[in-house]
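Geometric and topological summary
Read off the chains here:
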Amino acid sequence: MQVTNKLKILSEPFKVLKNGVFARLYLAQTISLLGDAFTWIGLALISYQFGKENSAVILASALTLRVTAFILFSPFAGVLADKIDRKKILYITHFIRMVIVACFPFITEQWHIYVLVFLLNVFNAFFTPTYKAIIPHIVDKGIYRQAVGLSTATYQLLGFLGPALGGVMAIWFGARQIFFIDAATFIVAGILIMTLPGNIMQGPKSSGRQLSTWEDVLKGVRLLFGNKLLRFALSIEFISAIAGAQILVNTVSHVKTGLQLTDSHYGLVMAFFGIGASVAAFLSGSIDKSRSRNVSLITGALFLGLAITGANYLSYYPLLFLWLIAGLGQSLAEIPSETLIAENIKEQEQGKVYGSHFAFSHLWWAIAYPIAGFLGTYYPNSNFLIGGIMTIALLTIGILFFRTKGNSQELK
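Conventions adopted
Residues numbered from 1 in each chain as written. Predicted model: local features only at pLDDT ≥ 70, side-chain atom pairs only at ≥ 80, totals over all residues. Heavy atoms only, no water. Axes fitted to C-alpha atoms, helices over the stretch in contact; angles between N-to-C directions. Helix = DSSP H or I, 4+ residues; strand = E, 2+ residues; numbered from the N terminus. Parallel < 35°, antiparallel > 145°, perpendicular 65-115°, else oblique. Left-handed = near helix turned anticlockwise from the far one by under 90°. Contact = heavy atoms within 4.5 Å. Nonpolar A, V, L, I, M, F, W, Y, C, P; charged D, E, K, R; others polar. Expected span 1.5 Å × (residues − 1). Bend = angle between axes of the 7 residues up to and from the residue. Buried < 20%, exposed > 50% of the residue type's maximum accessible area, 1.4 Å probe, protein only. Core = buried A, V, L, I, M, F, W, Y, C linked by side-chain atoms within 4.5 Å. Patch = residues over 30% accessible without salt bridge, like charges linked within 9 Å, V, L, I, M, F, W, Y side chains within 5 Å. Areas by Shrake-Rupley, 256 points an atom, 1.4 Å probe, with all protein chains shown as cover. Salt bridge = Lys/Arg side-chain N within 4 Å of Asp/Glu carboxyl O.

Section: the packing of helix α9 (residues 228-258) against helix α11 (residues 294-309)
At their nearest, the axes of α9 and α11 sit 10 Å apart, and the two run at 20° to each other. The angle between the axes of α9 and α11 places the two elements in the roughly parallel class. Seen along the crossing, α9 lies across α11 with a hand that is left-handed. Facing α9, whose interface residues are Phe-232, Ala-233, Ile-236, Ile-239, Ser-240, Ala-243, Gln-246 and Ile-247, α11 presents Asn-294, Leu-297, Ile-298, Ala-301, Leu-304 and Ile-308. When its residues are assigned to classes, the contact of α9 with α11 shows 11 nonpolar, 3 polar and no charged.

And the structure:
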């Protein structure tokens, strides 16, 4: 009986694939994410071609431009998702990104990388909030959390499996030619999107006076922060970013310098982090079915804080376990926001709120990365301890000032 129940829980997220429209959208997303992994592997190899000493600076600058594009453009993307044909946004941005990716093999100057990365992520900023805004309209409310969990779990899995496959492709085809494979994935995903029925992907139109684009952007921000449940979820996402940035920025130096281990050891540590995040994302819809998702949010942030606190003082094998727990915490802390938007914001307003959420969630990381870099540079022997104390302290503040137990009404 227990085995049957466990199998039922494990198979629950896959039930959403019985919905043919979501299955095609999910497949398009999966193919696109795999292509994205190829992009960053190819970009790392091209950066190295410009000089070993410059590769880290180039990649760091590219990541900064990526986040900047998300922060600047995703709120406008969310507004467009409420106003125009969402299906067109998806396939047009896909084909434009295909063209941009196909330009990477011809890079000859360092500044070419920066221009192309920024443009690529401008259109990514338009694609992702639109994709998230569509899911509530094509799946039943009863399985919406499973749909988000499956989508996020796939994102996490491809986050560590994709680069491995991308590395194999780079060996077979070459560092620059891998971008043509990436471009082909955009074509396949774009064609899949074009087969989707556009009528059910669009939310209901807003009634009353049509707002200007800026008014719509500001309304998306007000709706996001005006809802108590969403405000608490956003505070937890900030805490998650503070801890997560410590892991992404400082793990490599801790493993290779602090523990005197190799690249393969570092890869395995990060794989455990990805596995934990994937498992939690996969089961998130079954773990916490409450309206507020407070259990998931608080548990996730607590897992992250506790996991990183002792990392400076433990050997390699305990670190694997800690990063598995940290991965679980990362997903538990970040996934609920998407489902809370769908459950607490009117359908005709969801696009602009998803856009605002996408921008602010990346803003949190833009703040967290420099903090992690500072701690890793000036406090290399206690960076995780300090980050863990910060995480737990911020979680305490968030619970005291932002947590709500009652029903929350959206801001009109």
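A few points about α9
Note on helix geometry: an α-helix contains 3.6 residues per turn, so any two residues three or four positions apart are oriented the same way. The end-to-end C-alpha separation of α9 is 42 Å, in line with the 45 Å expected for 31 residues at 1.5 Å each. In α9, a bend of some 50° at Asn-250 exceeds every other bend along the element. A positive backbone phi angle near 60° is found at Gln-260, which sits one or two residues after α9.

Some words on the environment of Ile-341
Structurally, the position occupied by Ile-341 is in helix α13 (residues 336-344). Taking relative accessible area as the criterion, Ile-341 reaches 0% and is therefore assigned buried. In this structure the C-alpha to C-alpha distance between Ile-341 and Gly-351, which are 10 residues apart in sequence, comes to 9.6 Å. Once residues lying within four places of it in the same chain are set aside, the contact partners of Ile-341 are Leu-230, Gln-350, Val-353, Tyr-354 and His-357.

Comments concerning the nonpolar core
Ranked by internal contacts, the top residues of the largest apolar core, which has 54 residues, are Phe-22, Val-139 and Ile-236. Look past the residues within four positions of Val-139 in its chain and what remains in contact with it is Val-16, Asn-19, Phe-22, Tyr-144 and Ala-147. Counting residues in each nonpolar core, the second largest holds 20 residues, with Leu-43, Ile-58, Ala-62 and Leu-116 among its members.

Side note on a nonpolar patch on the surface
Taken together, the side chains of Leu-165, Val-168, Ile-171, Trp-172 and Phe-173 present a nonpolar region at the surface, about 550 Å² in accessible area. Mapped onto the fold, Ile-171 is located in helix α6 (residues 144-173).

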